[in-house]
Amino acid sequence: MIKITEKSIDVQKIIDTVSSLSAGALNVFVGTVRNNANGKNVLWLEYEAYETMAVAQIRKIMDDASHRWPLLGWAVSHRIGTLKPGEVSVVVAVSTPHRKDSFEACQYIIDSVKAAAPIWKKEVFEDGEEWVSARPEMMKA
Amino acid sequence: MNRYKITAFGITKELLGGREANIEIKGDTVGALRTALNEKFPQLLDLRSLLIAVNNDYADEDVRLTPADEIALIPPVSGG
């Protein structure tokens, strides 16, 4: 299941979608909104997606992951719109027969989604706002 | 001249002054489009990177464009 949604993400629902009686492991990554960036308070984040392409890119990532690990179930859900600190922005869940595969697959999927899915976030501070990673001078080591 | 419609996402929407822009170029490749975009909107050169997507996939510079293609500007992504 691939979902780009403006509604808050129900992590338990995703776990239920992914669970399988033949699975011995279910791994979930939950990304949340941090209340700080570069030493400044973050008031909220604005997420935007190029939805059709994001779904297409995530589908490619999942095709790849399905060939590399024995996935019994999987789900990727990404939130868009306005998110406050503490809210869930992304969930990746996979189930596999054994735990090692579930850890590896889950990490591969979230890393790939972050690198390739056309999704952007803007941090809103008390004194301004900035698109994350957009400009070189704003990159931090 | 070839005319293309571009959809801009993230910071590029602000740099182009709107979600959509029309641009006329002499060539018909992604590379020719990039050159024309950089001339018309030099602020795009300040980005860390800028990829161009054609029909929902990242496109190399030599990909040929048609007026029916869905063309999008993809500044550095930051999902997650």
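The structure this text deals with has already been given above.
Residues numbered from 1 in each chain as written. Chains lettered and ligands numbered in written order. Predicted model: local features only at pLDDT ≥ 70, side-chain atom pairs only at ≥ 80, totals over all residues.

Q: How would you sum up the interface of chain B and chain A? Please name residues and give values.
A: Taken together, the contacts link 17 residues of chain B with 24 residues of chain A. Its residues assigned to classes, the side of chain B that touches chain A shows nine nonpolar, five polar and three charged. (Contact = placed C-beta atoms within 7 Å. Nonpolar A, V, L, I, M, F, W, Y, C, P; charged D, E, K, R; others polar.)

Q: So what's going on with the sheet that holds strand β1 (residues 2-8) of chain B? Which residues, and what values?
A: All names here are of chain B. Spatially, the five strands line up as an open sheet ordered β2-β1-β5-β3-β4, and their pairing is mixed. The outermost strands of the open sheet, each flanked by one partner alone, are β2 (20-25) and β4 (57-58). Sheet topology note: the β1/β2 ladder contains six bridges and is antiparallel. When the bridges of β2 are listed, Tyr4 appears paired with Ile23. Sitting on the sheet, helix α2 (residues 30-40) touches β1, β2 and β3 (51-54), and the angle it makes with β2 is about 110°. (Pairing = 2+ DSSP bridges. Helix = DSSP H or I, 4+ residues; strand = E, 2+ residues; numbered from the N terminus. Axes fitted to C-alpha atoms, helices over the stretch in contact; angles between N-to-C directions.)

Q: Outline the sheet that holds strand β5 (residues 44-49) of chain A, supporting the account with residue identities and numerical values.
A: All names here are of chain A. Pairing in this open sheet of four strands is antiparallel, and the strands run β7-β5-β9-β10 from one edge to the other. Sheet topology places β7 (81-83) and β10 (128-131) at the edges, where each strand pairs with a single neighbour. For this sheet the average axis-to-axis angle between neighbouring strands, irrespective of direction, equals 25°. With four bridges joining them, strand β9 (residues 119-125) and β10 adopt antiparallel strand pairing. Of the residues in β10, the one forming a bridge with Phe125 is Gly128.

Q: Tell me about the pairing of strand β5 (residues 71-74) of chain B, and please be specific about residues and values.
A: Residue and element names in this part refer to chain B. Of the pairings in the sheet, the one linking β1 to β5 comprises three bridges and is parallel in character. Of the residues in β5, the one forming a bridge with Thr7 is Ala72. Pairing of β3 with β5 involves four bridges; the strand directions are antiparallel. By the bridge assignment for β5, Leu51 is matched with Ile74.

Q: So what's going on with helix α3 (residues 99-116) of chain A? Residues and values would help.
A: Residue and element names in this part refer to chain A. In a regular helix each residue adds 1.5 Å, so 18 residues correspond to 26 Å; α3 covers 26 Å between its end C-alpha atoms and thus fits that length. When we look at burial in α3, the residues that qualify are Asp101, Ser102, Ala105, Cys106, Ile109, Ile110 and Val113. End-on, the buried residues of α3 take up no more than an arc of 145°, which puts them together on one face. Of the exposed residues in α3, those oriented more than 90 degrees away from the buried face are Lys100 and Ala115. (Expected span 1.5 Å × (residues − 1). Buried ≥ 20, exposed ≤ 12 C-beta atoms within 10 Å, placed from the backbone. Arc of directions from axis to C-beta.)

Q: I'd like a description of the pairing of β5 of chain A, backed by residues and values.
A: Residue and element names in this part refer to chain A. On β5, burial follows the alternation: Leu45, Tyr47 and Ala49 on one face are buried, whereas Trp44, Glu46 and Glu48 on the facing-out side are not. As judged from the six bridges shared by β5 and β9, these two strands associate in the antiparallel manner. In the strand pairing of β9, Ala49 is matched with Ile119. Bridge count between β5 and β7: three bridges; the pairing is antiparallel. Across the sheet, Leu45 pairs through a bridge with Leu83, a residue of β7.

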